[in-house]
Amino acid sequence: MSLSFSAKAIAPIPIDLAFEAKEGEVLALVGHSGSGKTTILRTIAGLWAPQNAEVQCSGATWLRTASGVDVPAHRRRVGVVFQNYALFPHMTAKQNVMSAMPSTVRDKSSAALDWLARVNLPDMAERKPAELSGGQQQRVALARALARAPDVLLLDEPFSAVDRVTRERLHAELIALRSDLSMPVILVTHDMAEAQALADQMVVIDQGRVIRQGPTAEVMSDPAALRAMGLRDLASLLTARVSAHDDDGLTQLETATGPIWLPRVKAEVGTTLRVRVLAHEVILSRARPEGLSAQNILPAVVDRIVSGEGPGVIVHLAIGGDEVLARITRRAARDLELAVGQPCHMVLKSMSVARDHVRG
Amino acid sequence: MDWTALLLSLRLAGWTVVLLLPVTVIMGRVLAYQSFRGKGLFETLVMLPLVLPPTVFGYYLLVVLGRGAPIGDFWQQTFGQPLVFSFEGLVLASVIFNLPFAIQPAQRGFEAVPQDIREAAACCGMSPWRSLLQVELPLAWPGLMTAMVLTFAHTLGEFGIVLMVGGSIPGETRTIAIAIYDRVQAFDYDGAAVMSAVLVGISLFTIGITYLLSARVGRRLS
């Protein structure tokens, strides 16, 4: 399964872009509101057709304006989680999920209960949407979208209407779920950090045009893409497993090359997290530093050095399978004689990783 | 008490509701969700019975449904009897003059179904027909019910148009409202009082039922 999209349009907002999402891949469309990302999603779903557009999914043409092909929305195999979930208010959670099932599903009732269990809502089947919290409604909406057995899953700012704690739990659940999903997932968001935590590929859009597209790690290390999003903070993700909660309020996590300590992380021992590390908070050292207040010192290998504009450079460090970015000055890089393939040490202050940077 | 007239009124109101329901659903939905050329003109035409004096409206119906007009002649040739001054003619007139009372609330009812809910129905694979039955109608139901109750109550009470199109033929076109008028003309105030009271009772009952049902629907949806 894969999805390819291209469009050129003037109204309602100018759009001129193309992208492709592959099987099992999460592609994030990132941009400010009014950038055209929701219009793209609506075009894929069949709720809108721009003047010139083409949508192909799993070999089938859903939309080709040039030859007048426009498959109606209900004949496209799409699963959509709407921004405000758009659950049917007169149906229970179970009925909502059942309503999206293809007619080939034989025991719809038990299949719906299975889906609700998979999104961690086993006991809410008979509740109406009004009796569910925002996070629970989002889970029902996700179960309903997946119950359709879609060829592509479309998520329209699905985490914007819940509080931060719920949002992070939902992120973790989506990450856990996505390894079972074979269809491409298109996530629309204005939150770069969210895209970074969830997506394999990113398309950064501004006023209907692509600023940058490619693998998440690459896009996130492109200062131009960050500027377009109004972000000054370059960041990367470091995979770590919670190993202990210490008495002094710190949590010990194990990374590929050693332990780190962060302010108390609300996750059980054994949970694997992705820690968001801000590039300008990373200090590099050739030798392993001693007599330092910073506790987190991880061996790393220089993978790439990218010069940006101005006095800074971005050093890409390999730590296990992760790529961590460090923003240092050009002068420091020269003085340290950093070179590709060279081992070094990355120093990170515990307190520099704020709690909301820790995501499942 | 003219039971024949009361029964005739109830029959007329019942048939009007039954025939008007599909028209109301289709037109209310189209007006709520679609924009097309001449929509404003169409809405104005539908509203016309609200502002026209019943006698004026009845006069035009008499002309259109009577002999020498296409509809009247067609009816005469097909069924071998005139359309005006018959129960069938009365039903047709009743359906037409109730259009604004039915379509307005129905349109509001369909407009109350949020766009993203309707889009979600399509994205769940529901055909437009399934979406109408399983999502739109259950949610637009309060509006549709108001439409039907207003139609029913309004038909029971309509006087001018019924008199113009139907006359006052006992058992055929003499409704309760006309029977009351006839009683008063004959100085039978007691008879008129009883029938009026019955009509008030029926109207109160209908509206009471509506409030009860819509309160229940409201609870179900909120």
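In the annotation of an unreviewed UniProt entry, the entry for chain B reads Molybdenum transport system permease, and the organism field reads Donghicola eburneus. Annotation of chain B in UniProt includes, under Function (unreviewed entry), the sentence "Part of the binding-protein-dependent transport system for molybdenum; probably responsible for the translocation of the substrate across the membrane." The UniProt entry for chain B carries the following comment under Sequence similarities (unreviewed entry): "Belongs to the binding-protein-dependent transport system permease family. CysTW subfamily."

Under an unreviewed UniProt entry, the name given to chain A is Molybdenum ABC transporter ATP-binding protein, and the organism recorded is Donghicola eburneus.

1. Comments concerning helix α8 (residues 128-157) of chain B
With 30 residues, α8(B) should reach 44 Å at 1.5 Å per residue; the first-to-last C-alpha distance of 37 Å falls well below that figure. The sharpest bend along α8(B) comes to roughly 60°, located at Trp141(B), with the proline Pro142(B) sitting one to four residues further on.

2. Describing the pairing of strand β11 (residues 209-215) of chain A
Residues and elements named next belong to chain A. Pairing analysis gives 6 bridges linking strand β10 (residues 201-206) to β11, with the strands arranged antiparallel. In the strand pairing of β11, valine 204 is matched with arginine 212. The antiparallel pairing of β10 with β11 creates a hairpin that spans 2 residues between the two strands, and glutamine 207 there sits at a positive phi of about 45°.

3. Points about the pattern of salt bridges
Residue and element names in this part refer to chain B. A full pass over the atoms with the stated rule returns 16 salt bridges over all chains. Aspartate 182 is the salt-bridge partner of arginine 174, the closest N and O atoms lying 3.2 Å from each other. Take arginine 174: its relative accessible area is 21%, and that puts it in the partly exposed class.

4. Overview of the interface of chain B and chain A
Taken together, the contact pairs 21 residues of chain B with 21 residues of chain A. Buried surface at the junction of chain B and chain A, both sides included, amounts to about 1,700 Å², of which 67% is carbon and sulfur. Interface area lost by chain B to chain A is led by Glu119(B), Cys123(B) and Cys124(B), which between them contribute 32%. The interface formed by chain B and chain A holds 1 salt bridge in total.

5. Re the pairing of strand β3 (residues 26-30) of chain A
All names here are of chain A. Counting buried positions along β3 yields 5 of 5 residues, so the element is predominantly enclosed. What you see with β3 is no split at all: Val26, Ala28 and Val30 on one side and Leu27 and Leu29 on the other are buried throughout. Where β3 lies against strand β9 (residues 185-189), 5 bridges are found, and the strand directions are parallel. Looking at the pairing, alanine 28 lines up with leucine 187 of β9. In this sheet, β10 lies alongside β3 in parallel orientation, the contact comprising 4 bridges. Considered in β10, the bridge of leucine 29 is made with valine 203.

6. A closer look at the sheet that holds strand β19 (residues 322-329) of chain A
All names here are of chain A. One open sheet accounts for 5 strands, arranged β16-β20-β17-β18-β19; its pairing is antiparallel. At either margin of the open sheet sits one strand with a lone partner, and together these are β16 (282-285) and β19. On average, each strand axis in the sheet is inclined to that of its neighbour by 45°, with strand direction left out of account. Inspection of the sheet shows β16 paired to strand β20 (residues 343-348) by 4 bridges, in the antiparallel sense. Within β20, the residue paired with isoleucine 283 across the bridge is valine 347.

7. Here we look at the side chain of Ser99(A)
Checked against the element boundaries, Ser99(A) lands in helix α2 (residues 93-99). Side-chain polar atoms of Ser99(A) contact the backbone oxygen of Asn96(A), separated by 2.7 Å. Other than its neighbours up to four places away in sequence, Ser99(A) contacts Phe88(A), Met91(A), Arg144(A), Cys124(B), Met126(B) and Arg130(B).

8. Comments concerning the domain arrangement of chain A
All names here are of chain A. Entries for chain A in the domain assignment read domain 1 (3-235) and domain 2 (236-359). Computed from C-alpha atoms alone, the centre-to-centre distance between domain 1 and domain 2 is 32 Å. If you look at the interface, domain 1 gives 15 residues, while domain 2 gives 17 residues. Across the domain 1 to domain 2 interface the summed buried area is about 1,500 Å²; carbon plus sulfur atoms make up 54%. Counting the surface domain 1 buries against domain 2, the share from its top three residues, Glu168, Leu234 and Ala235, is 33%. The tally of links between domain 1 and domain 2 comes to 0 salt bridges.

9. Points about unusual backbone geometry
All names here are of chain A. Positive phi, close to 45°, is recorded for glutamate 157, a residue that is not glycine. Mapped onto the secondary structure, glutamate 157 falls in the loop between β8 (152-156) and α5 (164-178). Look at glutamate 157 and you get buried, because its relative accessible area is 7%. Of note, the phi angle at glutamine 207 is positive, near 45°, even though the residue is not glycine. With respect to the element layout, glutamine 207 can be found in the loop between β10 and β11.

Rules used in this analysis
- Residues numbered from 1 in each chain as written.
- Chains lettered and ligands numbered in written order.
- Predicted model: local features only at pLDDT ≥ 70, side-chain atom pairs only at ≥ 80, totals over all residues.
- Heavy atoms only, no water.
- UniProt positions renumbered as here; feature names shortened; annotations may be inferred.
- Helix = DSSP H or I, 4+ residues; strand = E, 2+ residues; numbered from the N terminus.
- Expected span 1.5 Å × (residues − 1).
- Bend = angle between axes of the 7 residues up to and from the residue.
- Pairing = 2+ DSSP bridges.
- Salt bridge = Lys/Arg side-chain N within 4 Å of Asp/Glu carboxyl O.
- Buried < 20%, exposed > 50% of the residue type's maximum accessible area, 1.4 Å probe, protein only.
- Contact = heavy atoms within 4.5 Å.
- Buried area = accessible area lost by both parts, 1.4 Å probe.
- Axes fitted to C-alpha atoms, helices over the stretch in contact; angles between N-to-C directions.
- Polar contact = N/O pair within 3.5 Å; in protein donor to acceptor, adjacent residues only side chain to side chain.
- Domains from an automatic or database assignment.

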